[in-house]
Amino acid sequence: KAGVTQTPRYLIKTRGQQVTLSCSPISGHRSVSWYQQTPGQGLQFLFEYFSETQRNKGNFPGRFSGRQFSNSRSEMNVSTLELGDSALYLCASSYGGSGRWFEETQYFGPGTRLLVL
Amino acid sequence: AQKITQTQPGMFVQEKEAVTLDCTYDTSDQSYGLFWYKQPSSGEMIFLIYQGSYDEQNATEGRYSLNFQKARKSANLVISASQLGDSAMYFCAMREVLTTDSWGKLQFGAGTQVVVTP
């Protein structure tokens, strides 16, 4: 099976712009989660989508939003970019919804490195 | 409050030696899962091993094993026979089980940087 894919891999934006990141989960996986990783804050959970519904949400401002499509692909949007949004954004997928550990284990994509100037 | 604590920011280990990475966690839930991930410099997080809170035996997966002490709330990762390719950041993470078919978010520790030397 193909792994989790994320596009684009690298992105440079300027303050005030908006950005959309895309994530395609492993085939058959219904849950997609997003994480932000920075040297200062480490790995922080943004949100999780399961069957097109947001199931969990982290403590990020409303500038960060996401959605999931019927094919389980997910997009994350950040509006009005700030310098502090520079980070590695990781997407992870799992089968989800069964409660069994092997179906709740999250598998990660390679990430999108966002630099805000 | 930080739920996952990894007290070792970095470690050097010689090739072929074993290394133990510490992880303690904090939860009042009885049902949860503990995960270890490896992140090489390329950035991708690689799942290594899982331990469930109700598992009576320590998990093993190839050269990886977990030293799970539930009463102490610790889940230390042991990498045996280290290889140069093991050089990476290692993260301990936890997911609390919310319902029979819904788990909470994956919460990560700060990570431990492992450098394997020849």
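Before any of the text, the structure's been laid out above.
Residues numbered from 1 in each chain as written. Chains lettered and ligands numbered in written order. Predicted model: local features only at pLDDT ≥ 70, side-chain atom pairs only at ≥ 80, totals over all residues. Heavy atoms only, no water.

### Comments concerning the state of the cysteines
Residues and elements named next belong to chain B. Defined as follows: Throughout, disulfides are identified as pairs of cysteine sulfur atoms within 2.5 Å of each other. Secondary structure elements follow DSSP: runs of H or I no shorter than four residues count as helices, runs of E no shorter than two count as strands, and numbering proceeds from the N terminus. Categorising residues by exposure relies on relative accessible area from a 1.4 Å probe, with only protein chains included: less than 20% of the type maximum marks a residue as buried, more than 50% marks it as exposed, and the intermediate range marks it as partly exposed.
Counted by the stated rule, this structure contains two disulfides over all chains. Bridging C23 to C92, the disulfide has an S-S length of 2.0 Å. Around the S-S axis, the bridge from C23 to C92 shows a dihedral of about -60° and counts as left-handed. Taken together, the residues span a long stretch of sequence, with C23 in the loop between β3 (19-21) and β4 (24-25) and C92 in strand β10 (residues 88-99) at a distance of 69 residues. We classify C92 as buried; its relative accessible area is 0%.

### Here we look at the pattern of salt bridges
Any two side chains of opposite charge can pair, so long as their charged atoms come close to each other. Formally: Any carboxyl oxygen of Asp or Glu within 4 Å of a side-chain nitrogen of Lys or Arg constitutes a salt bridge here.
For the structure shown, the criterion picks out 10 salt bridges over all chains. Between R63 of chain A and E82 of chain A there is a salt bridge, and its shortest N-O distance comes to 3.6 Å. Placement of R63 of chain A in the loop between β6 (53-57) and β7 (64-68) and of E82 of chain A in the loop between β8 (74-78) and β9 (87-94) is noted, with a sequence separation of 19 residues between them. A residue is classified by how much of its surface remains accessible, and R63 of chain A, at 16% relative accessible area, is buried. Taking the relative accessible area as the measure of exposure, E82 of chain A reaches 43% and is therefore partly exposed. Each of E48, R55 and E104 of chain A together with R95 of chain B takes part in one network of salt bridges that share partners.

### Quick look at the sheet that holds strand β1 (residues 5-7) of chain A
Residues and elements named next belong to chain A. Threshold: Only strands joined by at least two bridges in the DSSP assignment are considered to pair. Helix axes are fitted to C-alpha atoms over the stretch in contact, other axes to C-alpha atoms as well, and angles between N-to-C directions run from 0 to 180 degrees.
The strand order β1-β3-β8-β7 describes an open sheet built from four strands, whose pairing is antiparallel. Looking at the sheet topology across the chains shown, the edges are occupied by β1 and β7. Between one strand axis and the next, the sheet turns through 20° on average, direction left out of account. Two elements, β1 and strand β3 (residues 19-24), share three bridges in a ladder whose sense is antiparallel. When the sheet's bridge partners are listed, T7 is paired in β3 with S22.

### Thoughts on the interface of chain A and chain B
Let me state the cut-off plainly: By the convention used here, residues are in contact when the closest approach between their heavy atoms is within 4.5 Å. What counts as buried area is the accessible surface, traced by a 1.4 Å probe, that two parts surrender upon association, with contributions from both included. Pairing of N or O atoms within 3.5 Å defines a polar contact, subject to two protein rules: one partner must be a possible hydrogen donor and the other a possible acceptor, and residues neighboring in sequence count only if both atoms are side-chain atoms. Three residue categories are used. Nonpolar comprises Ala, Val, Leu, Ile, Met, Phe, Trp, Tyr, Cys and Pro, charged comprises Asp, Glu, Lys and Arg, and polar comprises the others, including Gly.
Taken together, the contact between chain A and chain B spans 23 residues of the former and 20 residues of the latter. Roughly 1800 Å² of surface becomes buried between chain A and chain B when both sides are summed, with 55% attributable to carbon and sulfur atoms. Looking only at chain A, the three residues that lose the most surface to chain B are L43, W101 and F108 of chain A, adding up to 29% of its buried area. Where chain A packs against chain B, one counts two salt bridges. Of the charged contacts, one joins E48 of chain A and R95 of chain B as a salt bridge, the two residues approaching to 3.9 Å between their closest N and O atoms. Here chain A is connected to chain B by three residue pairs in polar contact (both at pLDDT 80 or more). Listed by contribution, the elements that provide at least two residues to the side of chain A that touches chain B are β4 (31-38), β5 (42-50), β6, β9, α1 (101-104) and β10 (107-108) of chain A. Here the residues of the side of chain A that touches chain B sort into nine nonpolar, nine polar and five charged.

### Remarks on a nonpolar patch on the surface
Residue and element names in this part refer to chain A. What counts here: To count toward a patch, a residue needs a relative accessible area above 30% and no salt bridge. Like charges then connect within 9 Å, nonpolar side chains (Val, Leu, Ile, Met, Phe, Trp, Tyr) within 5 Å. Only the protein chains shown count as cover for residues, and all accessible areas are computed by the Shrake-Rupley method using a 1.4 Å probe.
Taken together, the side chains of I12, L115 and L117 define a hydrophobic patch exposed on the protein surface, amounting to about 300 Å² of accessible area. Position of L117 relative to the elements: it lies in the segment after β11 (112-116). Assessed through its relative accessible area of 53%, L117 is described here as exposed.

### As for the nonpolar core
For clarity, the cut-off: Here, the term nonpolar core denotes a set of buried Ala, Val, Leu, Ile, Met, Phe, Trp, Tyr and Cys residues that are joined through side-chain atoms within 4.5 Å.
If you look at the biggest cluster of nonpolar residues, it comprises 24 residues, and the most contacted ones within it are L21, Y25, W36, I49, L77 and Y90 of chain B. Taken together, the elements giving at least two residues each to this core come down to β3, β5 (32-39), β6 (46-52), β8 (64-69), β9 (74-79), β10 and β13 (112-117) of chain B. Once residues lying within four places of it in the same chain are set aside, the contact partners of L77 of chain B are V19, T20, L21, W36, L48, I49, Y64, S65, L66 and Y90 of chain B. Counting 21 residues, the second-largest nonpolar core is a separate cluster that includes V32, Y49, F60 and V78 of chain A.

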